[in-house]
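# Survey of secondary and tertiary structure
Read off the chains here:
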Amino acid sequence: MSIEWVNLAIDDLRAWGRGRGVEVDADEIRLLCDYASDYLGVNELGDFVPATFDELLLSIYPRKVIAPPESAPETVAAARTLVDYLQQSGAVGTKTAALMRERLSDIATRMPDALADTANFGMAKSLFSSIGPESLEQSVAIPSGEVPDLGEAPCDCPGCTPRPAVRLPSPEALQAQLRDVPLLAELDRGGVPYLREFAGGEPLPRWAAIVAHVVEHDTGGQVTGHPQVDEELYDLLDMLYRLQVPAPAAVVGDYVTELAEDTGVDVPAVLERLAWCGLVRVEGGTAGLTPAAVWALREHYLALGLDAPQGADLAGGDARGLIEGLLDGVPTELAEDDITRWLAARSAGEAAAELLAAASGAPAVARGIAVTIVDRLGAEAADDVRGWLDDQELRPHVIHWLAARGLPAPPLSQEELLWVSVDMLALATPAAADDPEVFAENIAASGPPAHLIEEMWRVDHPDVVEVLELLGRSLTDGTAAKAARKAAFKARSRGIR
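Residues numbered from 1 in each chain as written. Predicted model: local features only at pLDDT ≥ 70, side-chain atom pairs only at ≥ 80, totals over all residues. Heavy atoms only, no water.

This brings us to the pattern of salt bridges. Overall, the coordinates contain 19 salt bridges when judged by the stated rule. In this structure, the salt-bridge partner of Arg376 is Glu336, at a minimum N-O distance of 2.6 Å. Note that Arg376 is positioned in the loop between helix 18 (364-374) and helix 19 (382-386) and Glu336 in helix 16 (residues 332-344), a separation of 40 residues in sequence. Through salt bridges that share partners, Arg167, Asp313, Asp337, Asp338 and Arg341 make up one connected network. (Salt bridge = Lys/Arg side-chain N within 4 Å of Asp/Glu carboxyl O. Helix = DSSP H or I, 4+ residues; strand = E, 2+ residues; numbered from the N terminus.)

What follows is the structure in structure tokens.
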């Protein structure tokens, strides 16, 4: 998806709602925009058409989101708000908006049945729901609308929290970026007195030296216009370096104010001056480091003897490298960009074949990421996906993929249903360990029934004992929890690990 246009749209939508006293369910509308972008080719607000809502609310939403039928009115109401905004912002005309509202009136009567229909969910209703609505997205999805917690600036000693691996521009791209930095152009004209010692010289070494100077020396406010912010510039840039992706400008502004001890700092002016220096990029209501600043800060960290790893471009590798890189942890925007560029470099069939080959025999979490990415592909990949029906581990996923697109698919056997139940629940174990309360809430709302749990011990899955023990600890329904504990005992007795 294009995260940028969705973020901008939601920011504008919130402002539009505040200005008109309209209650806006921004999270629900963001989800609709995300799915429209992911699956329906909507790359800007003007791409919405009346038919978009039919596909979005009656097909994609029921298949992707675990929600009870009675929640349909809330989702349709959010869609109506989106249509009002589309019309009043000028993204669609009055006639188109009227047609959208007609579609939504019809959808409102049909969506509860779509949410309740297990055929729409495929296996999702009974299997994926136990891990929550984001289960299919696992670690490669883009949660959005969350304000990052900047917290306190971490200590910069080598023993503290390590800095994340960062992506670096090529030397050619970096030099091209530096040619557009106003500070450097002014320095070459004889300006910027506090940096005159860096006039001339090779572009990259000079830039690294300039950045090291402004973060380590007392520049007395000449960089940001505020002496105390200059003193804390290292902490500010280091925090943005650790975030890796742009943060809301208001949040960065709060952090700047905190660093300056609230001495009347003009935050917009500070950010504007940092942008003029080539250190920060401010756009779309967000602020983050420029690629050139990331490169120079990393050079400075290395010169100080600090650990500053360089991240690989996952889009340039094979499917196994992509999956392993995502498993290592990648900020959501970078992950989306990697996946998008990786898919763009090959046909849908080639992508499916590579991903499923990498998933075959892999641990459940890696398999889940591969299947998630394959789920983005259209019916043109059907032949290559269908070719994995003979793979015992992938077969249930392949059947679900085919059925979800209305393509001919064999029925799931009871054994396959049990196996994929365990496989999908295995994806939840890391998240369950991190936040057991949320997992317990999700699984209590829509976990597998007791009669299904009772049979899971028969599954030859390496994670079956761990999954059943997790269910036994987490389920609030006494009957289901007891069934899970008994099944776990039986699985251990069989020696399944």
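Anyway, onward from the coordinates.
One non-glycine residue, Val192, lies in the positive phi region at around 55°. Along the chain, Val192 falls in the loop between helix 8 (182-188) and helix 9 (203-216). Looking at Val192, the relative accessible area reads 8%, which means it is buried. Here Gln244, not a glycine, exhibits a phi torsion of approximately 75°, which is positive. Tracing the backbone shows Gln244 in the loop between helix 11 (233-243) and strand 1 (247-248). A relative accessible area of 26% means that Gln244 is categorised as partly exposed. (Buried < 20%, exposed > 50% of the residue type's maximum accessible area, 1.4 Å probe, protein only.)

Taken together, the side chains of Glu23, Asp25, Asp27 and Glu74 make up a negatively charged region of the molecular surface. Given a relative accessible area of 35%, Asp25 falls into the partly exposed group. (Patch = residues over 30% accessible without salt bridge, like charges linked within 9 Å, V, L, I, M, F, W, Y side chains within 5 Å. Areas by Shrake-Rupley, 256 points an atom, 1.4 Å probe, with all protein chains shown as cover. Lys, Arg positive; Asp, Glu negative; His and termini not counted. Charge placed at Lys NZ, Arg CZ, Asp CG, Glu CD.)

Turning next to the packing of helix 2 (residues 26-39) against helix 4 (residues 72-88). Contact pair helix 2 / helix 4: the axes reach a minimum separation of 9 Å and the direction vectors enclose 80°. Looking at the two axes, helix 2 sits roughly perpendicular to helix 4. Contact residues: helix 2 offers Glu28, Ile29, Leu32 and Cys33, while helix 4 offers Thr75, Ala78, Ala79, Thr81 and Leu82. Of the residues in the contact of helix 2 with helix 4, the class split is 6 nonpolar, 2 polar and 1 charged. (Axes fitted to C-alpha atoms, helices over the stretch in contact; angles between N-to-C directions. Parallel < 35°, antiparallel > 145°, perpendicular 65-115°, else oblique. Contact = heavy atoms within 4.5 Å. Nonpolar A, V, L, I, M, F, W, Y, C, P; charged D, E, K, R; others polar.)

Summarising burial for helix 11: 10 of the 11 residues are buried, a large majority. Listed as buried for helix 11 are Leu233, Tyr234, Leu236, Leu237, Asp238, Met239, Leu240, Tyr241, Arg242 and Leu243. One or two steps after helix 11, the chain reaches Gln244, where phi turns positive at roughly 75°.

Right, let's get into the nonpolar core. Leu195, Trp207, Leu236 and Leu279 are the most contacted members of the largest nonpolar core, which has 54 residues in total. Within the residue set of this core, elements represented by two or more residues are helix 7 (171-178), helix 8, helix 9, helix 11, helix 12 (249-259), helix 13 (267-276), strand 3 (286-289) and helix 14 (291-303). Residue contributions to this core peak at 8 residues, all from helix 11. In contact with Leu236, not counting residues within four places along its chain, are Val252, Tyr255, Val256, Leu259 and Leu274. Counting residues in each nonpolar core, the second largest holds 38 residues, with Ala9, Tyr61, Ala79 and Met111 among its members. (Core = buried A, V, L, I, M, F, W, Y, C linked by side-chain atoms within 4.5 Å.)

So, about the packing of helix 25 (residues 464-474) against helix 26 (residues 478-493). Any two packed helices are characterised by how steeply their axes cross, that is the angle between the axes, and by the distance between the axes. Interhelical geometry of helix 25 versus helix 26 gives an angle of 155° and a closest axis separation of 7 Å. For the element pair helix 25 / helix 26, the angle class is roughly antiparallel. Helix 26 is crossed by helix 25, and the crossing has left-handed handedness. Along the contact surface, helix 25 presents Val464, Val465, Leu468, Glu469, Leu471 and Gly472, while helix 26 presents Ala481, Ala484, Arg485, Ala487, Ala488, Ala491 and Arg492. When its residues are assigned to classes, the contact of helix 25 with helix 26 shows 9 nonpolar, 1 polar and 3 charged. (Left-handed = near helix turned anticlockwise from the far one by under 90°.)

Shape is all these values report; function is a separate question.
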